[in-house]
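These are the residues of each chain, in order.
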Number of protein chains: 4
Amino acid sequence: MGQFMGHVLPGIFFTLFGLWWSVKYSLKHISRTQKKNSYIQRNFKHVEITEGAVKVVLGLVGILGEQFVPDGPHFYLYRGQPRSWVKLMNWQHSTMYLFLLISGAVDIITYSTTLMPLGMDRFMLGIALFVEGFVFHYHISLRPMLDQHIHAMLLTAIFAAVATCFIQVFVHDNVILDLFLVCLALLHGTWLWQIGFVLYPPWGEPEWDLNDHSNLMFISMCFCWHFALAILITAVNYTLKAAGDWRYSCKIPTFEQDLTYEASFLI
Amino acid sequence: MGQFMGHVLPGIFFTLFGLWWSVKYSLKHISRTQKKNSYIQRNFKHVEITEGAVKVVLGLVGILGEQFVPDGPHFYLYRGQPRSWVKLMNWQHSTMYLFLLISGAVDIITYSTTLMPLGMDRFMLGIALFVEGFVFHYHISLRPMLDQHIHAMLLTAIFAAVATCFIQVFVHDNVILDLFLVCLALLHGTWLWQIGFVLYPPWGEPEWDLNDHSNLMFISMCFCWHFALAILITAVNYTLKAAGDWRYSCKIPTFEQDLTYEASFLI
Amino acid sequence: MGQFMGHVLPGIFFTLFGLWWSVKYSLKHISRTQKKNSYIQRNFKHVEITEGAVKVVLGLVGILGEQFVPDGPHFYLYRGQPRSWVKLMNWQHSTMYLFLLISGAVDIITYSTTLMPLGMDRFMLGIALFVEGFVFHYHISLRPMLDQHIHAMLLTAIFAAVATCFIQVFVHDNVILDLFLVCLALLHGTWLWQIGFVLYPPWGEPEWDLNDHSNLMFISMCFCWHFALAILITAVNYTLKAAGDWRYSCKIPTFEQDLTYEASFLI
Amino acid sequence: MGQFMGHVLPGIFFTLFGLWWSVKYSLKHISRTQKKNSYIQRNFKHVEITEGAVKVVLGLVGILGEQFVPDGPHFYLYRGQPRSWVKLMNWQHSTMYLFLLISGAVDIITYSTTLMPLGMDRFMLGIALFVEGFVFHYHISLRPMLDQHIHAMLLTAIFAAVATCFIQVFVHDNVILDLFLVCLALLHGTWLWQIGFVLYPPWGEPEWDLNDHSNLMFISMCFCWHFALAILITAVNYTLKAAGDWRYSCKIPTFEQDLTYEASFLI
């Protein structure tokens with residue numbers, strides 16, 4: 001994986017997940033508070049199973065992609081005499097994808113059977129995120145100051161998400177926690193973009209001095225701006241859904257209006 | 001912002017907020033336990049919305065003030081060749097005020113609509129305080145020992161307040177947590193004064209040796225004294241209101257007494 | 001305060017408190033589960049108020065003692081030209097005693113009025129312990145390795161007690177938390193003795209090499225032994241009370257037996 | 001204790017405990033949800049008491065073994081002139097076994113009497129694990145980088161288990177927490193094997209460069225793989241029991257089938 005694309009691609013992935021979640025949780029909580037749309041409520045189970053399946057597929061694609069890119073390890077772990085590790089970076093990414101896959105599988109089992117209680121899906125998502133943060137933490141320990149710092153910001157977002165998931169094991173359907181997780185997913189995504197553009201600028205040589213303290217000060221501040229942006233996106237999405245719901249509830253819908261309304265959730 | 005005034009002004013702001021909260025929460029909990037004064041209880045919603053509006057205005061004033069003071073950045077982020085950051089300190093303060101503004105806006109929405117559940121206002125207050133602490137933390141990393149230490153004390157108060165806010169998302173109307181937050185707001189304010197007087201004494205050159213270990217020992221102790229003072233102020237305010245409430249409940253009030261009583265809350 | 005006595009005296013104080021608590025909480029929980037002895041149950045309020053008064057008196061004695069011992073600061077904070085702090089160590093101990101005093105005062109108010117909810121006494125005890133740990137933490141930062149380490153063990157016990165107190169604000173009358181706090185009080189006491197004997201041996205010059213790593217390993221292990229001892233003392237006390245209660249419940253007591261039984265609690 | 005066996009033997013012990021727990025908790029939660037097998041449910045009390053007895057015996061054997069192996073301390077703590085500590089490593093292991101013994105004793109008392117509330121067994125298990133982690137933490141502070149790192153991974157697993165036990169004091173019979181503890185027990189066991197094979201390879205001289213950063217990166221990743229394996233083993237065991245339970249519930253069992261079914265739990 002090229003260094004720039006290696007940060008931007010997962011960044012796109014997390015941003016899309018965040019946007020999708022901002023729609024899903026807005027719908028879920030608004031339909032629940034209004035005690036209408038039981039049709040939507042019933043369908044959430046299928047939505048969760050589909051989401052789990054998407055995570056399993058993404059996990060598999062990620063593992064195979066990391067292993068079989070031209071300069072990947074092709075499932076060799078060590079090689080040569082004296083033995084040395086082969087492409088540990090790709091192996092680490094594969095490990096992260098493995099836990100994404102496990103998390104997806106647990107999602108499917110939680111929502112399609114009665115084997116596991118509600119909350120297990122959240123617990124395993126927390127574990128998957130913890131593994132991501134855990135591997136990252138030892139990934140960056142010998143890098144220059146700004147590189148460490150910009151990744152430390154990412155770790156802050158990741159461990160906040162881990163904590164949120166673990167609280168959700170005990171506190172179900174709390175709209176505050178759900179929306180916070182949405183914000184953190186968006187932040188995770190946009191921050192990966194930021195890392196890509198700062199450390200591996202696509203338009204030529206690195207322009208950032210990795211040991212300048214003022215860059216470090218800017219980066220901590222910039223992280224807060226990303227978070228403010230994530231809050232804004234989540235709030236706008238939530239408000240739009242709430243407004244749509246309110247407009248809908250003001251009139252007795254005809255069948256065509258009803259259809260249009262349901263269809264609007266897919267857009 | 002002059003360094004001394006830059007600490008004393010927000011110090012006054014936090015102290016006033018703390019004093020106001022010590023009145024608000026005393027009234028709230030005493031009127032609730034006595035199951036009287038439903039008049040006051042009903043008005044709390046309007047009080048919270050007004051408080052939110054004040055926070056929005058203060059946030060805006062803070063951002064614009066930091067940007068447009070004579071030596072401010074005037075919304076320029078970088079400048080020159082090679083590029084260098086413009087007045088990062090002012091930008092960091094603007095970022096803190098931005099989250100104060102967001103917290104105020106969420107207060108207004110939480111109490112004036114049914115879009116968001118109770119607790120969201122506390123959550124966003126916690127986030128705003130976290131951002132303050134987060135930016136501060138990277139703000140002070142290259143300063144002399146006493147400077148770092150005196151700000152570390154501030155961070156202790158800030159993160160204690162963050163933790164309290166996050167607990168309040170789940171535990172509503174707990175008088176212990178409310179009064180603790182009042183104490184921390186007062187402590188936050190008086191400690192900013194202390195920082196101003198220690199690091200930037202208004203009457204001439206700095207007299208404190210920033211690398212003397214005994215100064216550091218004194219400062220940790222002094223922080224505890226500020227906290228004891230904050231507890232005292234909160235306790236006195238709470239007791240006064242409780243005593244007033246008790247005196248009031250002992251007699252059948254005439255209309256004039258009633259008026260005087262209500263007016264007394266404004267003083 | 002002589003260094004040896006300065007550790008042994010508060011050690012005796014905490015050990016006595018721990019022993020007294022092991023009796024109090026054993027009685028409280030055993031009488032509650034058996035739904036007998038409502039006589040004892042009703043008296044707990046007076047016991048708590050008395051305990052608060054003892055803490056207030058001890059706090060006052062502590063503050064005055066630290067200030068007016070022959071080589072104490074006599075309430076002078078700084079002195080000389082250039083100004084230097086006077087006896088910061090005594091001032092720090094006075095600060096700790098101040099919070100003990102506040103905690104005692106809150107105990108009295110909580111149990112003798114309806115102004116404050118249950119749990120406030122625990123919260124303020126937690127704050128008092130936190131202040132002790134907080135001041136200690138900056139107290140020891142420039143000492144030799146073993147000195148720092150042996151105090152770090154103390155901090156572990158103190159912060160565990162702080163955490164327990166804060167949980168007790170929300171979880172009342174949990175026997176596990178109460179007995180854990182008893183253990184930590186005993187541990188706090190016996191460990192202060194250990195510190196006194198290791199760092200300031202009363203029988204002549206210090207025999208411990210403060211920079212020997214094997215001493216450090218022994219001390220961490222020794223701390224666990226103290227904890228095991230504290231568990232043993234608590235368990236024996238709890239079992240004795242439970243056995244006494246059981247023997248008592250097996251027969252219809254005569255008035256004399258009843259008197260003897262009540263008297264036995266005082267021993 | 002030889003260094004290799006010293007890691008592999010407790011490793012086997014924890015793995016066996018983990019496997020046994022994966023069976024026990026699967027049975028417990030599946031039988032509970034189906035509201036059948038009350039026979040099994042009633043027997044859990046005896047199972048817990050037996051488990052406690054096993055822990056007491058193992059603890060005793062461990063203490064005596066560590067003391068009386070040929071090069072053990074034979075209960076001498078210090079010796080010689082100048083005094084030096086005798087075999088502190090064995091004493092530390094003895095301390096860990098002592099808390100295992102205490103935890104076992106508390107298990108027995110919790111389940112065989114009404115003296116202690118449910119949750120006390122979990123609390124003491126948490127304390128025993130905390131002591132293990134606490135002693136370990138100071139055990140490894142002067143070792144080479146990889147040695148420290150590989151033990152730090154172990155500490156992560158231990159303190160996660162401590163946190164889980166402490167949550168279980170308040171949240172009983174939560175299947176997610178129970179299964180997580182099973183995973184951590186298995187991880188604890190297999191990771192001790194890993195430590196033995198990395199630091200003290202039984203087939204000759206150590207091949208691992210203890211200061212190579214890429215080894216450190218591999219080890220963090222390898223730890224995640226062990227965890228994934230522990231999740232797999234737990235999931236398979238849980239699914240097998242659930243499937244067996246489901247097959248059982250589909251037919252009216254004859255007496256022989258019933259016997260076979262019960263017997264299958266022992267395998």
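All of these numbers come straight from a predicted model, not from anything done at the bench.

J.: Would you take a moment to explain the overall build of chain A for this structure?
T.: From N to C terminus, chain A includes eight helices and two strands. Listed by position from the N terminus, the elements making up chain A come as α-α-β-β-α-α-α-α-α-α. Taking all 267 residues of chain A together, the buried fraction comes to 54%. Long-range pairs, those at least 24 residues apart, make up 70% of the contacts in chain A with a sequence separation of at least 6. A total of about 12,300 Å² of accessible surface is found on chain A, and carbon and sulfur atoms cover 69% of it.

J.: Where do I start with the packing of aromatic side chains in this structure?
T.: Both the distance between ring centres and the angle between the ring planes are used here to describe each pair of aromatic rings. All names here are of chain B. Taken as a whole and assessed by the stated rule, the structure comprises 92 aromatic pairs over all chains. Ring geometry for phenylalanine 17 against tryptophan 21: centres 5.6 Å apart, planes inclined by 80°, an arrangement best described as edge-to-face. Placement of the pair is phenylalanine 17 and tryptophan 21 together in helix 1 (residues 3-34), with a separation of four residues, close to one helical turn. Note on phenylalanine 17: relative accessible area 12%, which makes it buried.

J.: It is not clear to me how unusual backbone geometry should be interpreted in this structure. Could you clarify?
T.: Phi is mostly negative for residues that are not glycine, and the peptide bonds are mostly trans. Positioned with a positive phi, A:Asp173 is a non-glycine residue whose angle comes to about 55°. You can see A:Asp173 is positioned in the loop between helix 5 (145-170) and helix 6 (175-199). A relative accessible area of 38% means that A:Asp173 is categorised as partly exposed. For B:Phe75, which is not glycine, the phi dihedral falls at a positive 65°. Relative to the helices and strands, B:Phe75 is located in the loop between helix 2 (38-68) and strand 1 (78-79). Given the relative accessible area of 45%, B:Phe75 is considered partly exposed.

J.: Can you walk me through the interface of chain A and chain D in this structure?
T.: It is common to give the size of an interface as the accessible area lost on bringing the parts into contact. The partner chain D presents 28 residues to the 27 residues of chain A that form the contact. In this assembly, chain A packs against chain D so that about 2,400 Å² is buried in total across both faces, 85% of it on carbon and sulfur atoms. Connecting chain A to chain D are zero salt bridges. Counting across the chain A and chain D interface gives two residue pairs in polar contact (both at pLDDT 80 or more). For the side of chain A that touches chain D, the secondary-structure elements that each account for two or more residues are helix 3 (88-112), helix 4 (120-139) and helix 5 of chain A. No other element matches helix 4 of chain A, which puts 10 residues into the side of chain A that touches chain D. Taken together, the residues of the side of chain A that touches chain D sort by class into 22 nonpolar, five polar and no charged.

J.: What's the story with the relation of the copies chain A and chain D in this structure? I'm lost.
T.: In this arrangement, two copies of a chain are superimposed by a rotation about an axis accompanied by a shift along the axis. The two copies are related by a screw operation: chain A maps onto chain D through 90° of rotation and 0.0 Å of translation along the axis, at an RMSD of 0.0 Å. Such values leave the two copies arranged in the relation of a four-fold axis.

J.: Please explain the state of the cysteines as it appears in this structure.
T.: Two cysteines form a disulfide when their sulfur atoms are joined by a covalent bond. Under the definition given, this model contains zero disulfides over all chains. With no disulfide of its own, C:Cys224 lies 9.1 Å from the sulfur of C:Cys222, the closest cysteine sulfur. You can see D:Cys183 has no disulfide; the closest cysteine sulfur is in D:Cys224, sitting 13 Å from it. In this structure D:Cys183 comes out as buried when scored by relative accessible area, which is 8%.

J.: Help me understand the interface of chain B and chain A, please; the structure alone is not making it clear to me.
T.: Contact residues are listed per partner, giving 26 residues for chain B and 28 residues for chain A. Interface area for chain B against chain A, summed over the two sides, is near 2,400 Å², with a carbon-plus-sulfur share of 85%. When residues of chain B are sorted by the area they lose upon contact with chain A, B:Trp85, B:Phe134 and B:Tyr138 head the list and together hold 24% of the total. Where chain B touches chain A, the interface holds zero salt bridges. Counting the contacts that link chain B with chain A gives two residue pairs in polar contact (both at pLDDT 80 or more). Within the residue set of the side of chain B that touches chain A, elements represented by two or more residues are helix 3 (88-112), helix 4 (120-139) and helix 5 (145-170) of chain B. Top element by residues in the side of chain B that touches chain A is helix 4 of chain B. It accounts for nine residues.

J.: How should the packing of helix 4 (residues 120-139) of chain D against helix 5 (residues 145-170) of chain D be read in this particular structure?
T.: Angle between the axes and distance between the axes: these two values describe a pair of packed helices. Residue and element names in this part refer to chain D. At their nearest, the axes of helix 4 and helix 5 sit 8 Å apart, and the two run at 160° to each other. Taken together, the axis directions place helix 4 and helix 5 in an arrangement best described as roughly antiparallel. Helix-helix and strand crossings are classified by hand; for helix 4 and helix 5 the assignment is left-handed. Residues Arg122, Phe123, Leu125, Gly126, Ile127, Leu129, Phe130, Glu132, Gly133, Phe134, Phe136 and His137 of helix 4 touch helix 5, and the partners they reach there are His151, Leu154, Leu155, Ile158, Phe159, Ala161, Val162, Cys165, Phe166, Gln168 and Val169. Across the contact of helix 4 with helix 5, the residue classes break down as 16 nonpolar, five polar and two charged.

J.: In this structure, what is going on with the pattern of salt bridges? I would like to understand it.
T.: A side chain of one charge can pair with a side chain of the opposite charge if their charged atoms are brought near each other. With the rule as written, the count across this model stands at 20 salt bridges over all chains. A:Glu51 is the partner of A:Lys24 in a salt bridge, and the nearest nitrogen-oxygen pair spans 2.6 Å. Taken together, the residues span a long stretch of sequence, with A:Lys24 in helix 1 (residues 3-34) and A:Glu51 in helix 2 (residues 38-68) at a distance of 27 residues. Each member of the pair, A:Lys24 as well as A:Glu51, is classed as buried. The residue D:Asp173 makes a salt bridge to D:Lys28 at a minimum N-O spacing of 3.3 Å. Remark: D:Lys28 occurs in helix 1 (residues 3-34) and D:Asp173 occurs in the loop between helix 5 and helix 6 (175-199); sequence separation between them is 145 residues. Judged by relative accessible area, which is 14%, D:Lys28 ranks as buried. Put simply, A:Lys24, A:Glu48 and A:Glu51 are held in one network by salt bridges that share partners.

J.: Just checking my understanding: could you explain the UniProt feature "transmembrane region" (unreviewed entry) in chain A for this structure?
T.: In the numbering used here, UniProt assigns the feature "transmembrane region" (unreviewed entry) to residues 6-27, 48-69, 89-111, 123-140, 152-171, 176-196 and 216-240 of chain A. Secondary structure within residues 176-196 of chain A divides into 100% helix and 0% strand; the distance between the first and last C-alpha atoms comes to 30 Å.

J.: Help me out: how do you make sense of the confidence of the model for chain A in this one?
T.: When pLDDT is low, close inspection of the predicted coordinates is not appropriate. Residue and element names in this part refer to chain A. Looking at chain A as a whole, the pLDDT averages 84, with 85% of positions reaching at least 70. Within chain A, the element-level pLDDT minimum falls on helix 8 (residues 255-264), averaging 58, and the maximum on helix 6, averaging 94. Complex prediction metrics read pTM 0.88 and ipTM 0.86.

J.: How should I be thinking about the nonpolar core in this particular structure?
T.: What tends to happen in soluble globular proteins is that the nonpolar side chains get buried as a cluster. A:Phe99, B:Phe99, C:Phe99 and D:Phe99 are the most contacted members of the largest nonpolar core, which totals 274 residues. The contact partners of B:Phe99, leaving out residues within four places of it in the chain, are A:Cys224, A:Phe227, A:Ala228, A:Ile231, B:Ile127, B:Ala128 and B:Val131.

J.: For this particular structure, what's the right way to read the environment of C:Leu186?
T.: All names here are of chain C. Structurally, leucine 186 is set in helix 6 (residues 175-199). The buried category is assigned to leucine 186, whose relative accessible area is 1%. The spatial distance from the C-alpha of leucine 186 to the C-alpha of methionine 89 is 24 Å, given a sequence separation of 97 residues.

J.: Could you clarify how one ought to interpret helix 4 of chain D in this entry?
T.: Taking 1.5 Å of rise per residue, 20 residues should cover 28 Å, and helix 4 of chain D covers 28 Å from first to last C-alpha, within 8% of that figure. Of all 20 residues in helix 4 of chain D, 18 are buried, a share of seventy percent or more.

J.: Help me understand the environment of A:Ile109, please; the structure alone is not making it clear to me.
T.: Residues and elements named next belong to chain A. Examined against the element boundaries, isoleucine 109 turns out to sit in helix 3. Taking the relative accessible area as the measure of exposure, isoleucine 109 reaches 31% and is therefore partly exposed. C-alpha separation for the pair isoleucine 109 and histidine 93, spaced 16 residues apart in sequence, amounts to 25 Å.

Reading guide: rules and limits
Residues numbered from 1 in each chain as written. Chains lettered and ligands numbered in written order. Predicted model: local features only at pLDDT ≥ 70, side-chain atom pairs only at ≥ 80, totals over all residues. Heavy atoms only, no water. Helix = DSSP H or I, 4+ residues; strand = E, 2+ residues; numbered from the N terminus. Buried < 20%, exposed > 50% of the residue type's maximum accessible area, 1.4 Å probe, protein only. Contact = heavy atoms within 4.5 Å. Areas by Shrake-Rupley, 256 points an atom, 1.4 Å probe, with all protein chains shown as cover. Phe/Tyr/Trp six-rings, centres within 6.5 Å; stacked < 30°, edge-to-face > 60°. Buried area = accessible area lost by both parts, 1.4 Å probe. Salt bridge = Lys/Arg side-chain N within 4 Å of Asp/Glu carboxyl O. Polar contact = N/O pair within 3.5 Å; in protein donor to acceptor, adjacent residues only side chain to side chain. Nonpolar A, V, L, I, M, F, W, Y, C, P; charged D, E, K, R; others polar. Least-squares fit on C-alpha atoms with pLDDT ≥ 70 in both. Disulfide = S-S within 2.5 Å. Axes fitted to C-alpha atoms, helices over the stretch in contact; angles between N-to-C directions. Parallel < 35°, antiparallel > 145°, perpendicular 65-115°, else oblique. Left-handed = near helix turned anticlockwise from the far one by under 90°. UniProt positions renumbered as here; feature names shortened; annotations may be inferred. pLDDT = per-residue confidence, 0-100. Core = buried A, V, L, I, M, F, W, Y, C linked by side-chain atoms within 4.5 Å. Expected span 1.5 Å × (residues − 1).

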